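# What the coordinates show
For reference, the chains in residue letters:
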Amino acid sequence: MSTPRWPVIVFDLDGTVVNTIPLIIASYEHAMWSVLGVRPSPDEARGWIGQTLYGTFSSRHPERAQELVDSYVAWNAAHLTDLLEEYAGADELLKELAASGATIGVVTSKRHVSAANTLRAAGLDGDLPLLVAMEDTDVHKPNPEPLLLALARLGVKAGDCVYIGDAVVDVLAARAAGMASIAVTWGAGDRTDLLAAGPLAVVDTMDELRDQLLD
């Protein structure tokens, strides 16, 4: 039986556990086009992943932010099952972590209903509890508040936890919370940028992630 290196292992959702990157980029493109008549480039939209929708839109188009959010949310929900992709090996890794005795869960900037629907569509809702979603805190990654709330809800210390994510904001939030972090390269983040943020490790495959999490 494998032994977890941390008793608590927390995951980001989008681009880490499930491949929602094509869905998110397409949703951003739809919202921007339908409301403003312009489209972001795929690279620009990819760079917004990990932030809240309202934060992303209000910082760029404050007078139309709510319209943009509403358009994004409606299109994203309608196309979730069509564009959601699984990461090979993710389900098996989550089951092995649970079997090892680790406490696992998700902390995400996604709205609670969207995160729950995503986990359900990916068939992971029974394996990976949703600990913290967008509505649970007033500030979001890279602020540590979502991760600190997860620690409080689980009744554990930061030193007992690791956070896994695909974006620089994930690494920065974990550091600010006093948690270890592992960055994955199969999501939205650029490997060079992830390395520069200073995680404990940067991994390229699920097998490499397993080796970081289990002895």
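Please read these numbers as outputs of a predicted model, since none were measured by experiment.

## Let's talk about the pairing of strand E4 (residues 103–107)
Of all the 5 residues making up E4, 4 are buried; the element is thus mostly covered by neighbouring parts of the structure. When strand E1 (residues 8–11) meets E4, the two strands line up parallel, connected through 4 bridges. Looking at E4, one finds that valine 8 is bridged to threonine 103. Where E4 and strand E5 (residues 130–132) come together, 2 bridges link them in parallel fashion. Looking at E5, one finds that valine 106 is bridged to leucine 130. With helix H6 (residues 112–121) bridging E4 and its parallel neighbour E5, the resulting β-α-β unit is right-handed.

## What about the side chain of threonine 108?
Examined against the element boundaries, threonine 108 turns out to sit in the loop between E4 and H6. Using a relative accessible area of 5% as the deciding quantity, one classes threonine 108 as buried.

## Focus: the nonpolar core
Ranked by size, the top nonpolar core spans 51 residues in total, and within it Ile9, Phe11, Phe57, Ile164, Leu209 and Leu213 carry the most contacts. When residues in this core are grouped by element, the largest group, 9 residues, is from helix H1 (residues 21–36). Not counting the four nearest positions on each side in its chain, leucine 209 is found in contact with Phe11, Leu93, Ile164, Ile182, Val184, Trp186 and Val203. Counting 16 residues, the second largest nonpolar core, distinct from the first, contains Val10, Ala158, Ala173 and Ala174.

## Focus: the sheet that holds strand E7 (residues 180–184)
Spatially, 6 strands are ordered E5-E4-E1-E6-E7-E8 in an open sheet, and the strand pairing comes out parallel. Two strands bound the open sheet, and with one partner strand each, they are E5 and strand E8 (201–203). Along the sheet, successive strands turn relative to each other by an average axial angle of 30 degrees, direction set aside. As defined by bridge partners, strand E6 (residues 161–165) adjoins E7 across 4 bridges and the pair is classed as parallel. Paired with glycine 165 across the strands is alanine 183, a residue of E7. Running at roughly 120 degrees to E5, helix H7 (residues 145–154) makes contact with E1, E4, E5 and E6 of the sheet.

## Concerning the environment of serine 41
With respect to the element layout, serine 41 can be found in the loop between H1 and helix H2 (42–47). Take serine 41: its relative accessible area is 36%, and that puts it in the partly exposed class. For the pair serine 41 and glutamate 29, spaced 12 residues apart in sequence, the C-alpha separation works out to 8.0 Å. Engagement of the side chain of serine 41 in a polar contact is seen with the backbone nitrogen of glutamate 44, the distance being 3.0 Å.

## Digging into the pairing of E7
Extensive coverage of E7 is indicated by the burial of 4 of its 5 residues. Taken together, E6, helix H8 (residues 168–177) and E7 form a β-α-β motif whose crossover is right-handed. Bridge analysis of E7 against E8 gives 3 bridges, and the strand direction is parallel. Across the sheet, the residue bridging to alanine 183 is valine 202, located in E8.

## Some points on the packing of aromatic side chains
Overall, the coordinates contain 4 aromatic pairs when judged by the stated rule. On the basis of an interplanar angle of 75 degrees and a centroid distance of 5.6 Å, the ring pair of tyrosine 28 and phenylalanine 57 is categorised as edge-to-face. Of this pair, tyrosine 28 sits in helix H1 while phenylalanine 57 sits in helix H3 (residues 53–58), and the two are 29 residues apart along the sequence. Accessibility expressed as a relative area gives 1% for phenylalanine 57, which makes it buried.

Calculation notes
Residues numbered from 1 in each chain as written. Predicted model: local features only at pLDDT ≥ 70, side-chain atom pairs only at ≥ 80, totals over all residues. Heavy atoms only, no water. Buried < 20%, exposed > 50% of the residue type's maximum accessible area, 1.4 Å probe, protein only. Helix = DSSP H or I, 4+ residues; strand = E, 2+ residues; numbered from the N terminus. Pairing = 2+ DSSP bridges. Right-handed = clockwise from strand over helix to strand, strands pointing away. Core = buried A, V, L, I, M, F, W, Y, C linked by side-chain atoms within 4.5 Å. Contact = heavy atoms within 4.5 Å. Axes fitted to C-alpha atoms, helices over the stretch in contact; angles between N-to-C directions. Polar contact = N/O pair within 3.5 Å; in protein donor to acceptor, adjacent residues only side chain to side chain. Phe/Tyr/Trp six-rings, centres within 6.5 Å; stacked < 30°, edge-to-face > 60°.

These figures come from the coordinates and say nothing about function on their own.
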